[in-house]
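Listed below, chain by chain, are the residues.
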Amino acid sequence: MSKILIAEDEVLMLKALEFKLKKEGYEVEVASDGRQAMEKVKSNTYDLVLTDIMMPFVGGMEILSYIKNDAIKKHTPVLLISAVGLEHVVLEGFSLGADDFIYKPFNLNELSVRIKRYIKQNVFH
Amino acid sequence: MSIFNTLFNYIGQIYTDRLPYFPTNIRVSLLIILFCVITAIELYLYMMVRRAVRSVRSKRMKYWDDYISVLLANMIVFDETDHPHEVVAHFYPKLKKIPLRSKVVNSILVEKILTYHKNFTGKTAEVLSLMYRKLSLDKKAKRKIKNRNWETKIEGIREANEMDLMEMAHLIVEYTDDENALLRMEAQAAYIKLSQSDPFHFLDRAQERILDWHQVVLFEIITKHKKLTIPSFSKWLYSSNDTVVMLCLKLVDHFMQFDAAQEVIKLLKHQNPKIVRKAVEIIGKLELEDAESFMFEIYFNHSEEIKLEILNALGKIASGNYSEFLSSRIYSADVKIKKEALYAIKIDPDHGEEKLRTIYLQTGQENQALIKHVLDDRIR
Amino acid sequence: MREFLTDFETIFNNAIFYYAVVVMGSYVIFTLLSAIEMNSYMKKNSYVNYREILVSPLAPSVSILAPAYNEEATIIENIRSLLSLHYGNYEVIIINDGSTDHTFQRMFDYYQLEKVDFAVNYQITCNEIKGVYKSKLPSFSKLTIVDKVNGGKSDALNAGINVSGKDLLLCIDVDCIVQEDAILKLAKPYLEEKYQVIATGGVVRIANSCKVEDGKLVEVNMPRNLWPRFQVLEYIRAFLMGRMAWSRLNGLLIISGAMGLFDKNIVIKVGGYDHTTVGEDMELVVRMRRYMYEQDRRFKVVYIPDPLCWTEAPADLQILGRQRNRWTRGTIETLWTHKDLFFNPRYGILGMLSYPYWLFFEWLAPIVEAFGVCVFILLALMGNINWEFSLILLSMVYCFSVMLSTVAIFFEEMSYQQYTKGKDLAKLLLAAFLEPILYHPLTVIWAIQGNVHKFRGKNNWGTMTRKGFKNAEALNSTANTTT
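Small disclaimer: the values here were computed from a predicted structure and weren't measured.

Moving on, we come to the overall build of chain C. Secondary structure assignment for chain C yields 15 helices and 12 strands. Relative to the globule expectation of 23 Å for 483 residues, the C-alpha radius of gyration of chain C, 23 Å, shows essentially globular dimensions. Principal-axis analysis of the C-alpha atoms gives chain C an extent of 80 × 50 × 50 Å. Put simply, chain C has 483 residues, and 62% of those count as buried. Just so you have it, chain C exposes about 19200 Å², and 59% of that area is on carbon and sulfur atoms. Across chain C, 48 positive and 48 negative side-chain charges occur, with their mean positions spaced 2 Å apart.

Have a look at this one:
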């Protein structure tokens, strides 16, 4: 079973994402702020990380850059969730190695299809 | 214990038997002391009670908060194959059980529905809208809009805005020119989204200022809202309300509305320098060659800020008609003008940098330093 | 002689009484004004969605200016938190003011800096800028480092202003902890006021004993040490009550040096920070206001009550004393430089209210107080004291000050409630009782010292020794003098 980490500071959103992905049959761990997320990322390995960009204490970008600079974890797909489609944010995200951007508002079913695809791709690494 | 007794007796006496015999200032002091002590004690009690009540209430509300969150989260994670109406029918009885008569519980539910509606599209949003109406929350929103209190009105308008309650548009339009700035802004923002016939109608009749802050909000809605038909904003560039002109200029700029060119050029003669500056900026962005001579005409009558903007616009147009002028500006006494002129020369993609290098060889040390700066792409 | 002394005692008691009543009356008025201002701000603010400014291309652009002098212990951590603030269009300019330690080298290595051909336009005079640096890494494109010859904080800020390429300037102390939404909140008044806003300031809070991780505030705690705790009370009173009221009257004179957002054009027009005074933050605001009056332009200086910036308060009495001493001298210098404002109707509120208030209550109050104590002791020695009356007068002042602090705590409780633990609230209330006895006399002494130093022409800069937040408590006891 694939393991996914969701980091999102809006509790309500976190719950929806958690329920959705559990329903799809993934093993899900959640973090409601950047610090928690960072601790989890450091001590575990995940098959995919879904993180909001703007979170208290530690932003999604820092989590992304940690994963992508880690020798073992760097193949973990990282999907960034953003309410802000600012050009420089998107560019920064991709330059740091983000696999995809999800803009709020988004379609839940579409998200789960995307996640399925990234996890499948990653099996070959 | 006797010390305290003596003390109490003493204080008692001061405030009773002996009070009339003190000089006025001491008497007033005694009263002030009394006042301070009472006020302080009241505040302590108030703070303590408030904290206690809050902790009790938050414990009770936490139950409903969790309950509603779980319920809604379950509701929106339906399968792609489920029909929205079926989902709503399945969850409606459960939501109906929530004590919605309680204002607090009601607002918790509304807030959560709104949050999900804001963040999700597609069928999820559809299910939420259906459920919202089925619970008659739209009727409550309508009552809020009609409420006399402006804070409640705003709440209602926001709800209507987020849940796309189109039928409320005619109610909301009334407030688009209200004296209360916050209410006005919310109403305008909602009206743009909800009016199907004429979403920009409020611009025709706007007498009140649209503050910069409101322009930010409106701009955000107008540029991000996908279903909106964008009109030609040139229509409002003659408005007597400067803030309307300003907002429309920003929108002409964003949507690159070339059909507004003539009106924008005419605004170069506007008496409000902010509008002139924005007009010049747009002329540059749209590369309106026709406007060059007009800008040159007004150049020397204006402040430094507008001069800088004109230089930049001339650079962007890059017709070559004013390249002599640009080159001559690097001998201005004002360093900012020099720098902007150099940047303007640089903009020309074909010869800009080359030209700067030629000037570099013929000019003094100060200008050389500036040219180096301008050629360095890491800084501006 | 006896008779004369008795008369004198009556007059003296009356004088104390009337003075106290005037001071207390002004406090009551200020409390009411700030209650109105706070209430309207809180109400308005609850409808604001800051996301819109965050994403909007129409939001004003901001340069953060942070001077750094010998900050090698914390500089990387501090810059990192400045780079992660929530705002769209901003840049961070760190001015290395001729540090004698490895501050510059640390930044150079960590951010892989390289020199750029920056042609500095010296619009404001400042010491020579040796070089302007940018990072080679694209993710740090917001960062600019200015390396200059040492000239003090004001001079460093002036250098930063010359390098800034944005519309607004956020001047901050590099070692304070900035809330992520600070720029958003400070920038908003620039977009909404009818009149031109020339400066906005935020509330400074005390970070002692708070939990800080990676340059960010994680948990708010009441300082364990008593002296910072008194300062917490003092800051709440000054910021939530004093400055909010002045903001309401549009007569605000001080934007804290720890954090303020200024209109760059106006700052340049008035010539930037004055580096001959130790009270440069106050002096700049006074000069900017003055300039606007002279230009006959309507304007506002706005205060935001949100806690936007957390700073470490001196826990060591010696350092604290030096800080207060410096503040007093700064006040005197500013008042002296702008003495022609005194009851000058040309300068509106500034001349008719703010300046006189500052003169009488901020500068003269401690002197009057000290003088009163001296006379009292003298009278007591001569045996000419009505102890009961004096005690009642004293109790009045004491009770009033406790009540005022309680009201301030009440404001905090009703608005931001930073101290969520009941224990912390109790500690704060207890501090309100002890403050007039333990802390207040010290502030009077320090203010007097400041006066003495000023008039004896001693220009002691009172350096504050600062440490990294990680081991702040440990170092507090060993903080040494580096003046």
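Anyway, onward from the coordinates.
This part covers the interface of chain B and chain A. Counting from both sides, the interface comprises 18 residues of chain B and, opposite them, 14 residues of chain A. When the two sides are added together, the surface that chain B and chain A hide from each other amounts to roughly 1600 Å², 62% of it contributed by carbon and sulfur. Its largest share of buried area at the contact with chain A, chain B owes to Val77, Asn119 and Phe120 of chain B, together 35% of the area lost on that side. Put simply, chain B and chain A have zero salt bridges between them. Here chain B and chain A share five residue pairs in polar contact (both at pLDDT 80 or more) between them.

This part is about a positive patch on the surface. The grouping of Arg209 and Lys274 of chain B together with Lys194 and Arg298 of chain C at the surface amounts to a positive patch. Relative to the assigned elements, lysine 194 of chain C resides in the loop between helix H6 (182-192) and strand S8 (196-206). Overall, lysine 194 of chain C belongs to the exposed group, its relative accessible area being 60%.

Within this structure's numbering, the places UniProt gives as "transmembrane region" (unreviewed entry) are residues 28-49 of chain B. Between the end C-alpha atoms of residues 28-49 of chain B the distance is 31 Å, and the span holds 100% helix and 0% strand.

All names here are of chain A. Reading across the sheet, the five strands line up as S2-S1-S3-S4-S5 and stay open at both edges, with parallel pairing between neighbours. Each end of this open sheet is capped by a strand with a single partner; those strands are strand S2 (27-31) and strand S5 (100-103). Across the sheet, the mean angle from the axis of one strand to that of its neighbour is 20 degrees, orientation sign disregarded. One ladder, built from four bridges, connects strand S4 (residues 78-82) with S5; its direction is parallel. The partner of leucine 80 across the bridge, within S5, is phenylalanine 101. Helix H2 (residues 34-43) rests against strand S1 (3-7) and S2 of the sheet, and its axis sits at about 135 degrees to S2. Sheet strands touched by helix H3 (residues 60-68): strand S3 (48-52) and S4. Its angle to S4, the strand with the most contacts, is close to 170 degrees.

Residue and element names in this part refer to chain C. A cluster of nonpolar side chains, namely Leu226, Leu430, Phe433, Leu434, Ile437 and Leu438, defines an oily patch on the protein surface of about 490 Å² accessible area. Top contributing element to the nonpolar patch by residue count: helix H13 (residues 422-438), with five residues. Within the secondary structure, isoleucine 437 is located in helix H13.

Further remarks concern the UniProt feature "transmembrane region" (unreviewed entry) in chain C. Residues and elements named next belong to chain C. Per the UniProt annotation, the sites labelled "transmembrane region" (unreviewed entry) are residues 16-36, 245-262, 363-382, 389-411 and 426-448. Segment residues 363-382 splits into 95% helix and 0% strand. End C-alpha atoms: 30 Å apart. As annotated, residues 389-411 comprises 100% helix and 0% strand, and the C-alpha atoms at either end are separated by 33 Å.

Right, let's get into the interface of chain B and chain C. Taken residue by residue, the interface counts 51 residues in chain B and 55 residues in chain C. Across the chain B to chain C interface the summed buried area is about 4700 Å²; carbon plus sulfur atoms make up 68%. Taken together, chain B and chain C are joined by four salt bridges. Across the pair lysine 43 of chain C and glutamate 151 of chain B runs a salt bridge, and its minimum N-O distance is 3.0 Å.

Attention now goes to unusual backbone geometry. The omega torsion across lysine 104 of chain A and proline 105 of chain A is -5 degrees, close enough to zero to call that bond cis. Relative to the elements of secondary structure, proline 105 of chain A occurs in the loop between S5 and helix H5 (108-122). The backbone of aspartate 164 of chain B shows a phi angle near 50 degrees, a positive value even though the residue is not glycine. Tracing the backbone shows aspartate 164 of chain B in the loop between helix H7 (150-162) and helix H8 (169-173).

Residues and elements named next belong to chain B. As for its placement among the helices and strands, asparagine 241 is situated in the loop between helix H11 (212-224) and helix H12 (242-255). With a relative accessible area of 9%, asparagine 241 lands in the buried category. At 2.6 Å, the side chain of asparagine 241 forms a polar contact with the side chain of threonine 243. Contacts of asparagine 241, omitting those with residues within four sequence positions, involve Ala206, Gln207, Glu208 and Arg209.

Cut-offs and rules
Residue positions are counted from 1 within each chain, in the order its sequence is given. Here every chain gets a letter starting at A, and every ligand a number starting at 1, in the order they are written. With pLDDT at 70 or above as the cut-off, local features in this predicted model cover only qualifying residues; side-chain atom pairs require 80 or more to be listed or tallied, and sums for whole chains, interfaces and linings still use all residues. In computing side-chain values, all of the structure's heavy atoms are included and hydrogens and water are not. Elements are defined by DSSP. Helices are runs of H or I of four residues or more, strands are runs of E of two residues or more, and each kind is numbered from the N terminus. It is over C-alpha atoms that the radius of gyration is taken, and the globule rule equals 2.2 Å times the number of residues to the power 0.38. Burial classes follow relative accessibility: with a 1.4 Å probe on protein chains only, a residue under 20% of its type's maximum area counts as buried, one over 50% as exposed, and anything between as partly exposed. Note on areas: Shrake-Rupley with a 1.4 Å probe; residue coverage comes only from the protein chains shown. The sign given to each residue is positive for Lys and Arg and negative for Asp and Glu; His and the chain ends receive no count. For charged residues, the charge sits on one atom: NZ in Lys, CZ in Arg, CG in Asp, CD in Glu. It only takes one pair of heavy atoms within 4.5 Å for two residues to be counted as in contact. Summed over both partners, the accessible area (1.4 Å probe) lost when two parts come together is defined as the buried area. Put simply, a salt bridge is a Lys or Arg side-chain nitrogen that is within 4 Å of an Asp or Glu carboxyl oxygen. Counting of polar contacts relies on pairs of N or O atoms within 3.5 Å, with two restrictions inside protein: one atom must be capable of donating a hydrogen and the other of accepting it, and residues adjacent in sequence are counted only when both atoms are side-chain atoms. Patch members must show over 30% relative accessible area and no salt bridge, and they are joined within 9 Å when carrying like charges or within 5 Å when they are nonpolar side chains of Val, Leu, Ile, Met, Phe, Trp or Tyr. UniProt positions are given in the numbering used here, feature names are shortened, and annotations may be inferred rather than shown by experiment. The criterion for strand pairing is that DSSP finds at least two bridges linking the strands in question. A fitted line through C-alpha atoms serves as each axis, taken over the contacting stretch for helices, and the angle formed by two N-to-C directions is quoted from 0 to 180°.

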